[in-house]
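In case you want the letters, here they are:
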Amino acid sequence: MLREILNLDSGIVMVSGGSRKIARIYLQSWVKRKGKALAEGLPFSVGGEVYVGNPFRADFPVYLIVNPLARRGVEREKLLHWLGLKREEGKLVLLYEERYVGDSIVRYRLRNYLDYLIAYRRETVGVEILNVYKLENGRVVERKTYIRHPMTSGFGSEW
């Protein structure tokens, strides 16, 4: 499912949990294919033609929106309306959220606009968990979990 997201031509993807590495990989891949992108802010470095500015006033093939769940009131309604327009236009939108949002996405109206949610979480023992949700009409239709264990050499366990 991760490769499927990488090869999207249009859609809205949200990366939660502050996984800058994953968000950067997707944004760079999309910029390489589509030519340029507009970012509301850059929480990580990106290569290629990435401009920083107001995404509500410009037309680009790829967009990066930072912390969409922190918006309240009129600002949130404006974002949801804008996402609906970008979906109709066939644009790629990456929503980067610092907070972890997994199964709790069902509490937010934003779920109705998402095609995919990538929820990144690091456990206390160094294990990284990536839950990927495919959404259709605000409902989870497919879910896949990826687990990455820390690299261990096997040395040091014997005394």
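Refer to the preceding data block for the structure.
This is a predicted model, so every value here is computed, not measured.

Regarding the layout of surface pockets
Where empty space is left can be seen by rolling a probe of water-molecule size over the atoms. Approximately 380 Å³ is the volume attributed to the largest pocket. S19, I22, Y120, L130 and R148 are, among the 15 residues lining the largest pocket, the residues nearest its centre. Breaking the lining of the largest pocket down by element, the ones donating at least two residues are α2 (20–34), β7 (128–136) and β8 (139–148). Per element, the largest residue contribution to the lining of the largest pocket is five residues, and it comes from α2. In this structure, the second largest pocket occupies an estimated 150 Å³ of space. Around the second largest pocket, the lining residues are P68, L69, R71, R72, R76, E77, L79, L80, Y108, R109 and L110. Its residues assigned to classes, the lining of the second largest pocket shows six nonpolar, no polar and five charged.

Looking at the pattern of salt bridges
Counted by the stated rule, this structure contains 14 salt bridges. With its nearest N and O atoms 2.6 Å apart, the salt bridge here joins R71 to E40. Taken together, the residues R71 in the loop between β4 (62–66) and α3 (74–89) and E40 in the loop between β2 (37–39) and β3 (50–52) connect sequence positions 31 residues apart. Among the residues examined, E40 registers a relative accessible area of 25% and is labelled partly exposed. Across the salt bridge formed by E123 and R121, the nearest N and O atoms sit 2.8 Å from each other.

Here we look at the sheet that holds β8
Spatial strand order, β3-β2-β4-β5-β1-β6-β7-β8: eight strands in an open sheet with mixed pairing. Sheet topology places β3 and β8 at the edges, where each strand pairs with a single neighbour. Averaged over all pairs of adjacent strands, the angle between their axes in this sheet comes to 20 degrees, without regard to strand direction. Bridging between β2 and β3 involves three bridges; their strand directions are parallel. Residue pairing for β3: A37 is matched across the bridge by V50. Its contacts with the sheet place α2 against β1 (11–16), β2, β3, β4, β5 (92–97), β6 (116–122), β7 and β8, and it is angled at close to 165 degrees to β5.

Concerning the pairing of β5
The element β5 is largely enclosed, with a buried count of six among its six residues. Because side chains alternate across β5, one face comprises the buried residues L92, L94 and Y96, and the other comprises V93, L95 and E97, equally buried. Pairing of β1 with β5, which is carried by six bridges, proceeds in the parallel orientation. Opposite S16, over in β5, you have E97 as the bridge partner. Pairing of β4 with β5, which is carried by five bridges, proceeds in the parallel orientation. Following the sheet pairing, V62 is matched in β5 by L92. In the classification by handedness, the crossover that spans β4, the intervening α3 and the parallel β5 is right-handed.

Here is what the cut-offs are and how they apply
Residues numbered from 1 in each chain as written. Predicted model: local features only at pLDDT ≥ 70, side-chain atom pairs only at ≥ 80, totals over all residues. Heavy atoms only, no water. 1 Å grid on protein atoms, 1.4 Å probe; cavity = no way out; pocket = protein on both sides within 12 Å on 5 of 7 lines; lining within 4 Å. Points joined across faces, edges and corners; volume = space filled by probe spheres on them. Helix = DSSP H or I, 4+ residues; strand = E, 2+ residues; numbered from the N terminus. Nonpolar A, V, L, I, M, F, W, Y, C, P; charged D, E, K, R; others polar. Salt bridge = Lys/Arg side-chain N within 4 Å of Asp/Glu carboxyl O. Buried < 20%, exposed > 50% of the residue type's maximum accessible area, 1.4 Å probe, protein only. Pairing = 2+ DSSP bridges. Axes fitted to C-alpha atoms, helices over the stretch in contact; angles between N-to-C directions. Contact = heavy atoms within 4.5 Å. Right-handed = clockwise from strand over helix to strand, strands pointing away.

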